Amino acid sequence: MVCLAGVSLTAGAQKMPTENLNKTQARFYEGCLLLRDGAVTQSESRLGEAIDLLDESMDNADRIVLKTLNISFDGVQADTVSMTNHVYFTSDYAQYLYDKIDTPYIEKASVLRDIQKSDCAIHQLAVKAHGTVECRASMNDTCQVFVMAEPGGTLKLTVKDDGNGEIYEGTPYEEGAVSYVEWIQSPNPDTSKKGGSQKRTLLRIENTSSNDISFIIASN
């Protein structure tokens, strides 16, 4: 199991407002928070709630975000590391913690879903201490993206709209473990080039902590 000794979550940390998120994204966010807390406290009640919320929301989410958001890593070298021994933000992982299984967690294969019906696109990575990952995503209209780090981690999210060059800094919540950005995506400046309409937003995630961490990206 993942060792989270010495990690603590402060009660009363500033909560991210979820009223602007769609139902699937909001319930996924709440499930992730419960999983973070349950992973540290080993609370069966919190892990049980996390299992239910993540199960429900992930039925309506597309886990293949590389296809859904057409993400490609570029800009800076992606400082990704293996997810081994890190927290997975999934119902399967919450169940693994709930059952107190004492063998290493192995993620089950993601199931490709109909991306046209997806209410929430999710993808998880692990990044080295003080490392950075940049990715490009196809976004439309009003966009809402949050990133959440595993217990003990903090991060920063920055979004650049390629349509107008605007840069949006994420608002930190949960003592820096969560960062959230909402914006209205501008029209693509050049859709004539192949793939021009596919890469309109740059997401930059920085690990501001001194440890390698896993994190989840969730977009509407």
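Residues numbered from 1 in each chain as written. Predicted model: local features only at pLDDT ≥ 70, side-chain atom pairs only at ≥ 80, totals over all residues. Heavy atoms only, no water.

A word on the confidence of the model for the protein
The criterion, for reference: The quantity known as pLDDT measures the predictor's confidence residue by residue, on a range of 0 to 100. Strands here mean DSSP runs of E at least two residues long; helices mean DSSP runs of H or I at least four residues long; both are numbered from the N terminus. The contact rule is simple, with two residues in contact once any of their heavy atoms fall within 4.5 Å.
Of all residues in the protein, 75% attain a pLDDT of 70 or more, and the chain-wide mean is 81. Averaged pLDDT values for the elements of the protein fall to 35 in helix α3 (residues 65-68) and rise to 96 in strand β9 (residues 171-173). In the predicted structure, residues 64-76 sits below a pLDDT of 50 and forms 43 contacts with residues beyond four places in sequence or in another chain. Every residue in residues 111-116 is under pLDDT 50, and counting partners more than four places away or in other chains gives ten contacts.

Focus: the pattern of salt bridges
When their charged atoms lie close together, side chains carrying opposite charge are able to pair. Where we set the bar: The working definition used for a salt bridge is a side-chain nitrogen of Lys or Arg within 4 Å of a carboxyl oxygen of Asp or Glu. Burial status follows relative accessibility: with a 1.4 Å probe on protein chains alone, a residue under 20% of its type maximum counts as buried, one over 50% as exposed, and anything between as partly exposed.
Within this structure, the stated rule accounts for eight salt bridges. A salt bridge links Arg204 to Glu134; its shortest N-O distance comes to 2.4 Å. Placement of the pair is Arg204 in strand β11 (residues 201-207) and Glu134 in strand β5 (residues 132-137), with a sequence separation of 70 residues. For Glu134, a relative accessible area of 9% corresponds to the buried category.

Quick look at the state of the cysteines
Put simply, the test is: Only a pair of cysteine sulfur atoms within 2.5 Å qualifies as a disulfide here.
Under the definition given, this model contains zero disulfides. Cys32 provides the cysteine sulfur closest to Cys120, a residue in no disulfide bond, and the two sulfurs are 8.5 Å apart. Residue classification places Cys120 among the buried residues on the basis of a relative accessible area of 0%.

Comments concerning the packing of helix α2 (residues 44-58) against helix α4 (residues 91-98)
Let me state the cut-off plainly: Axis angles are defined between N-to-C directions and span 0 to 180 degrees, where every axis is a line fitted to C-alpha atoms and, for a helix, only to the segment in contact. Comment on the angle field: the value is read as roughly parallel under 35 degrees, roughly antiparallel over 145, roughly perpendicular from 65 to 115, and oblique elsewhere. In a left-handed crossing the near helix is turned counterclockwise from the far helix by less than a right angle, and in a right-handed crossing that turn is clockwise. Note that Gly is not counted as nonpolar here; it falls among the polar residues with everything else outside the nonpolar set of Ala, Val, Leu, Ile, Met, Phe, Trp, Tyr, Cys and Pro and the charged set of Asp, Glu, Lys and Arg.
Two elements in contact, α2 and α4, have axes separated by 8 Å at closest approach and are oriented at 160°. Taken together, the axis directions place α2 and α4 in an arrangement best described as roughly antiparallel. α4 is crossed by α2, and the crossing has left-handed handedness. Along its contact with α2, which presents Glu44, Leu47, Gly48, Ala50, Ile51, Leu54, Asp55 and Met58, the element α4 presents Ser91, Ala94, Gln95, Leu97 and Tyr98. For the contact of α2 with α4, the per-class residue count stands at eight nonpolar, three polar and two charged.

Focus on the packing of aromatic side chains
Selection criterion: Pairing of aromatic rings covers Phe, Tyr and Trp, the last through its six-membered ring, and needs centres within 6.5 Å; plane angles under 30 degrees mean stacked, over 60 mean edge-to-face, and all others mean tilted.
Enumeration according to the criterion identifies eight aromatic pairs in this entry. Measuring from ring centre to ring centre gives 6.1 Å for Tyr168 and Trp183, while their planes differ by 25°; the resulting arrangement is stacked. Here Trp183 lies in strand β10 (residues 178-184) and Tyr168 lies in strand β8 (residues 167-169), a separation of 15 residues in the sequence. Judged by relative accessible area, which is 22%, Tyr168 ranks as partly exposed. A relative accessible area of 4% places Trp183 in the buried class.

Focus on the pairing of β10
One face of the sheet, then the other: side chains in a regular strand alternate in exactly this way. How we decide: Pairing between two strands is assigned when DSSP locates at least 2 bridges connecting them.
In terms of residue burial, β10 counts as a mostly covered element, since five of its seven residues are buried. Two strands pair when backbone bridges link them, and β9 and β10 are joined in this way by three bridges, in the antiparallel orientation. By the bridge assignment for β10, Pro172 is matched with Ser179. From the end of β9 to the start of β10, which pair antiparallel, there are four residues, and Glu174 there has a positive phi angle of about 50°.

Comments concerning a negative patch on the surface
Formally: Note on patches: the residues involved have over 30% relative accessible area and no salt bridge, like charges join within 9 Å, and the nonpolar side chains Val, Leu, Ile, Met, Phe, Trp and Tyr join within 5 Å. Only the protein chains shown count as cover for residues, and the accessible areas themselves come from Shrake-Rupley with a 1.4 Å probe. In this tally, Lys and Arg are treated as positive and Asp and Glu as negative; His is ignored, and so are the chain termini. Where a charge lies is defined by one atom per residue type, namely NZ (Lys), CZ (Arg), CG (Asp) and CD (Glu).
Judged by side-chain charge, Glu49, Asp52, Asp55 and Asp59 come together as a negatively charged surface patch. Within the secondary structure, Asp55 sits in helix α2.

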